[in-house]
Amino acid sequence: MCIRDSFYCVDDSPRLHGILPCQSRYKSCSSLSSMFCANYMCKLCCQDIQHKNPCIIHDRYEQFFRYKVRSVYMFEEAKSFDRTRTLRLQMRRLIRKHDLERVFENVPIEWDKLCFYYHHGAHRIHIAYLVLETQEDAKKVLLNKMYFLQKLDKYDANLTALNTSLYRVCEKYKDAENMIAIIKPLTTLEVVTELPSESFYKSQVAQLIQTITQLGSTQFFLEEDLNPVTGERDMNHLYLKLPGKEYIEKVYHAQPLFGCLIVHKLSHIQVCPFLRYSPDMCIMCVARKDQRCIHDMCKDCCSRQKYGILVCQCSLQLVQASIAQKKEIVSKDKSITETLCDKCPNKRDRDCPNKMCSVCCPIQAIRFDCPFHDESNYCREIKTLPGQLIGRKMLSIVSELHIKMRHELKCGRYDWFRPIYGTDVQESMRKANRELQEVLDNGSIIRGTTTTRYKREGKILTFQANEPLTIWLSPSEKVFESIDNKGQPFVEYYYSEEASREERTIWVKNSLNKYRTYSIDDYEKYINAPNLKIIKDFHIMILGLDKKVFSIRELYNEIYNSIRNMVGSVELNNILVIDSESFLMEVFNSSTYQEVDKLEQNIFKLGRAACVKLDNVLDAFALITKEAKLTLPLNNRKNDEPLIFPSKYLLKLIEDYSQNPQNAQLNYLTAGSCFAAANKEMEQINNNMKDLMSGGRGGGGGGGKRKKKKQKN
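What this report covers is the structure whose coordinates are included nearby. This one's a predicted model, so the numbers in the text were calculated from it and none came from an experiment.

### Comments concerning empty space enclosed by the protein
So, point 1. On inspection of all chains with the given rule, the structure shows 5 cavities of 30 Å³ or more.
So, point 2. Computed from the structure, the largest cavity encloses a volume of approximately 80 Å³.
So, point 3. Tyr73, Glu76, Glu77, Arg83, Asn163, Thr164, Ser165, Leu166, Tyr167 and Val271 together form the lining of the largest cavity.
So, point 4. Among the elements of the structure, helix 2 (61-79) and helix 6 (166-172) are those that each provide at least two residues to the lining of the largest cavity.
So, point 5. Sorting elements by how many residues they give to the lining of the largest cavity places helix 2 first, with 3 residues.
So, point 6. Residues belonging to the lining of the largest cavity are distributed by class as follows: 4 nonpolar, 3 polar and 3 charged.

Okay, structure coming up:
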């Protein structure tokens, strides 16, 4: 199974965007990398190496020009074309061979030597090499170039001769370390085709050199290349000789000239190496370069180069010492010669096609692709694991990538994907992603009935949508992934013996320094919460409440409204909602967890619980005896009666009341709806008693009135 087939995906574009650990080749890196990167590396590791593919998210466009020039020139060197009779046909659209034969019909081309250059980055053929029988035939084709290009108009093609080999040019000049080549990229893009015409091109380049170096026109030397077919001037290469190295550096770091022209130092071993992000950096490694080195390398890299035309004085002593040490080893045992590295006394790696050790092969300026040394450090570590552990390891890696990706987006860092610093979208992208990463304590988003109070465009994450995820990596190792009460994602690891299974769940947040700690604000908010005051004297515990659809706030409101409407009066501060994870925190430390099977799963199924202290204890009696019924949202996504149990405090009240009923202080008048009928009867009896009392006194008075009335009559 290929390790890269397993990666974490997010749907943030029309196609899936793979995210995986950095595939650095020469060091261990735990940063994120995007599969949009051509090398599957983070920004820093992608720019640290020289032997790589140009990357669309980490490299500038001139790096692509340099890569194509280097790969094409090295291809031509490897094929050893006869430059006096070989033509280069560049195409932006694929030309079939039989169409090519029809276009160049009656032209003496050696079709058996037809060769194609395939661009691995673009995944298509870019160049066809036509080898003619003689130099005169090639010259005739170039003179009639427009005739052939008209036939190839729909393919957007261009026909040129090969350029003079840069290695031959380096051998031609004695002071090549003070010379650079200015190269036109091998492309038909407008940025190249719109350059000044050949009659003005050289003068325009000379003026630009004067502006960059502040030298006079007589203080530097600019020469054109010669076309190897026609012997005429060729403007594809211009050779510039400057009076000192400091002027070379100014022109080199001012590229691309005119937005497209490439500058190559003739002293470099590799043709057009990738530009480094620091001018003081070795072009082959991350060390500082030696200022005396003509190859722009550090001493170690310079001394280990297998190929090179110019001799560098900075590493001469190291090279001589290495050769002497190697000769001494071979003199003792001649059979060991085939096992030594071609460049140093170390033993070569058997699987290296360059016949070098792990130190020399990666820093070679010219070398074959080495699958052995170019393998990522991440893959090497994974391969050392047994097959069963690889799959388990991948699960924990996915959890860590989830956390890292969310954290990077929330902090506004995009180096692992595409740098945005200094662009016009920097602030808008940061703001948008910061809002998208906010977790809302709102279940109505899931139910689809978003209220105006909670509605906020773009919010995609809620506590209900991010249920905890538990992954068993082994019988004694578990990964727990979730989000804390602040909406911050975290991953916890549990290690225990298989027999004891002593575990503990602690809900904490993931801080920036990667140490999980509570802040002082969290501690004070928890200690001073008004709901905690009812822990010792609450009346009832309600079990089986919803934890998936309703948020904590909404569940508080549901309990509060249901009790007031169906039972009796209660204060909101006298309701305490508890998540099932809080139960587990205590259960894990008890022997019950070890004795009861599937206790953890059953507690999660149980859902949330609520401790309630009612204003009148008689309402609690009514709920326990089911004289009053309560309907609440349950964890099985139904609205029904929950499980209601009396608290230890309420049982003590009942016991005291049964032993000493005369001491009980029960107020039926303030009880809830369950006692409404009894209260009404009691109120009617009291009213009748009052009427009776007032009626007796009124009867005497009424008799006197009747007597007076009778006397009057």
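### Here we look at the pattern of salt bridges
Think of it this way: side chains of opposite charge can pair up when their charged atoms draw near.
So, point 1. Scanning the model with the defined rule gives 27 salt bridges in all.
So, point 2. The partner of Arg233 in a salt bridge is Glu224, and the shortest N-O contact between them spans 3.4 Å.
So, point 3. Asp296 is the salt-bridge partner of Lys289, the closest N and O atoms lying 3.5 Å from each other.
So, point 4. Judged by its relative accessible area of 5%, Asp296 is buried.
So, point 5. Each of the salt bridges in this network shares a partner with another, and the network as a whole consists of Glu76, Glu77, Arg83 and Arg88.

### Section: the side chain of Ser376
So, point 1. By secondary structure assignment, the location of Ser376 is in the loop between helix 11 (316-332) and helix 12 (377-383).
So, point 2. Residue class for Ser376 comes out buried when judged on its relative accessible area of 1%.

### With respect to the packing of aromatic side chains
So, point 1. In the structure shown here, the tally under the stated rule is 8 aromatic pairs.
So, point 2. Residues Phe81 and Tyr129 carry aromatic rings whose centres are separated by 4.7 Å and whose planes lie at 20° to one another, so their mutual orientation is stacked. Taken together, the residues Phe81 in the loop between helix 2 and strand 4 (86-91) and Tyr129 in strand 6 (residues 124-131) connect sequence positions 48 residues apart.
So, point 3. Relative to Phe148, the ring of Phe104 lies with its centre 4.9 Å away and its plane at 20°, an arrangement referred to as stacked. Linking Phe104 in the loop between helix 3 (97-103) and strand 5 (115-119) with Phe148 in helix 5 (residues 145-151), this pair joins segments that are 44 residues apart in sequence.
So, point 4. The class of Phe104 is buried, set by a relative accessible area of 2%.
So, point 5. On the basis of relative accessible area, Phe148 is assigned to the buried category, the value being 7%.
So, point 6. A connected cluster of aromatic rings, assembled from ring pairs, spans Phe75, Phe81, Tyr117 and Tyr129.
So, point 7. The ring centre of Phe274 lies 5.1 Å from the NZ or CZ of Lys52, which sits over that ring.
So, point 8. Between Arg70 and the ring centre of Phe274, over which it is positioned, the NZ or CZ distance is 4.7 Å.

Thresholds applied
- Sequence order as written defines the numbering, with residues in each chain counted from 1.
- For this predicted model, a pLDDT threshold of at least 70 governs which residues receive local features, and a threshold of 80 or more governs which side-chain atom pairs are given and counted, while totals over whole chains, interfaces and linings are taken from all residues.
- Excluding hydrogens and water, the side-chain figures rest on all heavy atoms present in the structure.
- The rule is simple: put a 1 Å grid over the protein atoms alone, call a set of points where a 1.4 Å probe fits but cannot get out a cavity, call an open set with protein on both sides within 12 Å along at least five of seven lines a pocket, and count a residue as lining if it has an atom within 4 Å of a point.
- Grid points are joined across faces, edges and corners, and a volume is the space filled by probe spheres set on the points.
- Secondary structure elements follow DSSP: runs of H or I no shorter than four residues count as helices, runs of E no shorter than two count as strands, and numbering proceeds from the N terminus.
- As a working rule, the residues Ala, Val, Leu, Ile, Met, Phe, Trp, Tyr, Cys and Pro are called nonpolar, Asp, Glu, Lys and Arg charged, and the rest polar, with Gly in that last group.
- The term salt bridge refers to a pairing of a side-chain nitrogen on Lys or Arg with a carboxyl oxygen on Asp or Glu at a separation within 4 Å.
- Here's how the labels work: a residue is buried when its accessible area is under 20% of the maximum for its type, exposed when over 50%, partly exposed in between, all with a 1.4 Å probe on protein chains only.
- Two aromatic rings, drawn from Phe, Tyr or Trp (for Trp, its six-membered ring), form a pair once their centres lie within 6.5 Å of each other, and the interplanar angle then sorts them: stacked below 30 degrees, edge-to-face above 60, tilted otherwise.
- Charge-over-ring contacts are defined here by two conditions on Lys NZ or Arg CZ: a distance within 6 Å of the ring centre and an angle within 35 degrees of the ring normal.

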